[in-house]
Amino acid sequence: MKNVNVRNMTIEDVKAIYDLSKACFSIPWSFEALTKELSNPLAEYQIAEIDGQIIGYGGLWCVMDEGEITNIAVDGDYRRQGIGEAILEALLQIAKQKRLTIVHLEARVSNVAAKGLYEKFGFHQIAIRKNYYQQPIEDAIIMQYKF
């Protein structure tokens with residue numbers, strides 16, 4: 001794998017993040033919502049890039065002593081190469097620095113790769129959220145990580 005750089009998202013990254021989210025999610029966040037997240041004091045976004053090309057991103061909301069991973073996306077050409085791991089590791093490092101005690105996330109029940117990644121880092125399933133996802137309608141598993 002080439003040298004992956006994980007860094008904070010900037011306003012210059014939003015267009016590439018928006019395009020990536022459209023490719024990865026059936027209902028992506030809007031360009032405006034992604035732009036707004038940069039001024040959200042509770043939000044932290046990390047991007048992964050190789051040679052200046054954005055190939056992944058992830059977000060974390062920090063509220064009080066709890067975190068919520070909003071999304072992690074990796075370009076299809078770069079999956080299964082450790083990019084998601086690098087993004088998740090960066091988000092958990094931020095959570096640790098902010099002294100969060102717990103981090104939650106949702107994943108499609110059919111997303112075996114995502115569940116495997118999260119379990120590898122110590123997340124475990126705590127609940128099912130019925131019909132959480134649309135297009136297609138699917139349940140979400142709620143997972144948590146405790147520090």
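It should be emphasised that the depicted structure is a prediction, and the values quoted were computed from it without experimental measurement.

Colleague: Explain the overall build of the chain to me, and be specific about the residues and the numbers.
Modeller: When you go through the chain residue by residue, the secondary structure sums to 4 helices and 7 strands. Put simply, the chain runs from its N terminus to its C terminus through helices and strands in the order β-α-α-β-β-β-α-β-α-β-β. A globule of 147 residues ought to have a C-alpha radius of gyration of about 15 Å, and the chain, at 14 Å, matches this closely. Every one of the 147 residues in the chain was classed for burial, and the buried ones make up 44%. In the chain, the share of contacts with a sequence separation of at least 24, taken over all contacts with a separation of at least 6, comes to 58%. For the chain, the computed accessible surface area is about 8300 Å², with 50% contributed by carbon and sulfur atoms.

Colleague: Residue-level account of the pattern of salt bridges, with values.
Modeller: This structure, assessed with the given rule, holds 9 salt bridges. A salt bridge links R108 to E138, with the shortest nitrogen-to-oxygen separation between them at 2.9 Å. Of the two residues, R108 sits in strand β5 (residues 102-108) while E138 sits in strand β7 (residues 138-146), which places them 30 residues apart along the sequence. Residue classification places R108 among the buried residues on the basis of a relative accessible area of 17%. Across the pair D139 and K130 runs a salt bridge, and its minimum N-O distance is 3.1 Å. Residues participating in the shared-partner salt-bridge network are R7, D13 and E49.

Colleague: Let's hear about unusual backbone geometry: which residues, and what values?
Modeller: Of the consecutive residues Q135 and P136, the connecting peptide bond is found in the cis state with omega at -5°. Its identity as a non-glycine residue notwithstanding, M64 has a phi of 55°, on the positive side. Note on M64: relative accessible area 79%, which makes it exposed. A positive phi angle, near 50°, is found at N131, a position not held by glycine. The exposure class assigned to N131 is partly exposed, which follows from its relative accessible area of 46%.

Colleague: Describe in detail the nonpolar core, supporting the description with residues and values.
Modeller: The biggest cluster of nonpolar side chains holds 28 residues, and the ones touching the most others in it are L60, I69, L88, V103, Y118 and F123. Elements that contribute at least two residues to this core include exactly β2 (43-50), β3 (53-63), β4 (66-74), α3 (83-97), β5, α4 (112-120) and β7. Ranked by residue count, the leading element in this core is α3, at 7 residues. When neighbours within four sequence positions are excluded, F123 is seen to be in contact with I69, L88, L92, V103, L105, Y118, M143, Q144 and Y145.

What counts and what doesn't
- Residues numbered from 1 in each chain as written.
- Predicted model: local features only at pLDDT ≥ 70, side-chain atom pairs only at ≥ 80, totals over all residues.
- Heavy atoms only, no water.
- Helix = DSSP H or I, 4+ residues; strand = E, 2+ residues; numbered from the N terminus.
- Rg over C-alpha atoms; globule rule 2.2 N^0.38 Å.
- Buried < 20%, exposed > 50% of the residue type's maximum accessible area, 1.4 Å probe, protein only.
- Contact = heavy atoms within 4.5 Å.
- Areas by Shrake-Rupley, 256 points an atom, 1.4 Å probe, with all protein chains shown as cover.
- Salt bridge = Lys/Arg side-chain N within 4 Å of Asp/Glu carboxyl O.
- Core = buried A, V, L, I, M, F, W, Y, C linked by side-chain atoms within 4.5 Å.

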